[in-house]
Amino acid sequence: MKDYVVYCVKLEGEVVYIGSGIAGREKHCTSGTSHNYNLNKHHFNNDEIIVEILGRFSTKESAASEETLYIRSLRPVYNVVGNKPLPENINK
């Protein structure tokens with residue numbers, strides 16, 4: 001059975017990214033080979049990047065669902081997918 005994780009990236013104590021995937025996926029955040037340009041930039045600037053596991057799950061779907069909840073709640077600046085304002089927060 002595969003183990004899935006939801007993880008966050010913190011810079012100076014602020015959550016800037018939330019992700020999910022098979023356990024170990026979180027290592028892209030500090031490798032300089034992430035799909036996220038900003039995480040790579042911090043890596044190569046030798047900034048202190050803290051990665052924390054927020055939860056472990058037995059299915060990809062349950063991890064992805066939890067990831068979405070965290071993104072909507074915390075609104076990390078480096079997340080694009082799932083980080084849209086909720087309808088009640090849109091100014092008319």
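Quick caveat: nothing in here was measured; it's all calculated off a predicted structure.

Undergrad: Even after reading the chapter, I still don't get the side chain of Glu67, so can you show me in this structure?
TA: Within the secondary structure, Glu67 sits in helix 2 (residues 60-74). Despite being buried, Glu67 has no salt bridge partner; Arg25 is the closest side chain of opposite charge, sitting 8.2 Å away. Contacts of Glu67, omitting those with residues within four sequence positions, involve Val6, Ile18, Gly19 and Ser20.

Undergrad: What should I look at first to understand the nonpolar core in this one?
TA: A general trend in soluble globular proteins is that nonpolar side chains are found buried together. Among the nonpolar cores identified, the biggest contains 10 residues, and these are Val5, Tyr7, Val9, Leu11, Val16, Tyr17, Cys29, Leu39, Ile49 and Tyr78. Among the elements of the structure, strand 1 (4-11) and strand 2 (14-22) are those that each provide at least two residues to this core. Of all the elements, strand 1 adds the most residues to this core, at four residues. If we skip the residues at most four places from it in the chain, Ile49 touches Val9, Lys10, Leu11, Cys29, Thr30, Leu39, His42 and His43.

Undergrad: Quick question: what am I supposed to make of helix 2 here?
TA: Helical periodicity: at 3.6 residues per turn, an α-helix aligns residues three or four positions apart in one direction. Given a rise of 1.5 Å per residue, 15 residues ought to cover 21 Å, and the 21 Å separating the end C-alpha atoms of helix 2 matches this to within 8%. All of the buried residues in helix 2 are Ala63, Glu67 and Ile71. Burial along helix 2 is one-sided: seen end-on, the buried residues are contained in an arc of 75°. Among the exposed residues of helix 2, those oriented more than 90 degrees off its buried face are Glu61, Leu69 and Ser73. In this fold, the buried residues of helix 2 make contact with strand 1, strand 2 and strand 3 (50-57). At the exit of helix 2 stands Arg75, carrying a positive phi of roughly 50°.

Undergrad: Teacher, can you tell me more about the sheet that holds strand 1 here?
TA: What links the strands of a sheet is backbone hydrogen bonding, and the strands pair in either a parallel or an antiparallel sense. Taken in spatial order, the three strands of this open sheet run 2-1-3, and their pairing is antiparallel. Bordering the open sheet on either side are strand 2 and strand 3, each of which pairs with just one other strand. Each adjacent strand pair in this sheet contributes to an overall mean axis angle of 20°, direction not counted. Here eight bridges tie strand 1 to strand 2, and the two strands are oriented antiparallel to one another. Looking at the pairing, Lys10 lines up with Val15 of strand 2.

Undergrad: Would you explain the state of the cysteines in this entry?
TA: Formally, a disulfide is one covalent bond, and it connects the sulfur atom of one cysteine to the sulfur atom of another. If you walk through the whole model with that rule in mind, you get zero disulfides. Not engaged in a disulfide, the cysteine Cys8 finds its nearest cysteine sulfur in Cys29; these two sulfurs lie 9.2 Å apart. Look at Cys29 and you get buried, because its relative accessible area is 1%.

Undergrad: Teacher, can you tell me more about the pattern of salt bridges here?
TA: Oppositely charged side chains may form a pair once their charged atoms are brought near each other. Under the defined criterion, the tally for this structure stands at two salt bridges. Of the charged contacts, one joins Asp3 and Arg56 as a salt bridge, the two residues approaching to 2.8 Å between their closest N and O atoms. Note that Asp3 is positioned in the segment before strand 1 and Arg56 in strand 3, a separation of 53 residues in sequence. Judged by its relative accessible area of 52%, Arg56 falls in the exposed class. Salt-bridge contacts for Glu52 lead to Lys10; the nearest nitrogen and oxygen are separated by 3.3 Å. Taken as a pair, Glu52 in strand 3 and Lys10 in strand 1 lie far apart in primary sequence, 42 residues in all.

What counts and how
- Residues numbered from 1 in each chain as written.
- Predicted model: local features only at pLDDT ≥ 70, side-chain atom pairs only at ≥ 80, totals over all residues.
- Heavy atoms only, no water.
- Helix = DSSP H or I, 4+ residues; strand = E, 2+ residues; numbered from the N terminus.
- Buried < 20%, exposed > 50% of the residue type's maximum accessible area, 1.4 Å probe, protein only.
- Lys, Arg positive; Asp, Glu negative; His and termini not counted.
- Salt bridge = Lys/Arg side-chain N within 4 Å of Asp/Glu carboxyl O.
- Contact = heavy atoms within 4.5 Å.
- Core = buried A, V, L, I, M, F, W, Y, C linked by side-chain atoms within 4.5 Å.
- Expected span 1.5 Å × (residues − 1).
- Arc of directions from axis to C-beta.
- Pairing = 2+ DSSP bridges.
- Axes fitted to C-alpha atoms, helices over the stretch in contact; angles between N-to-C directions.
- Disulfide = S-S within 2.5 Å.

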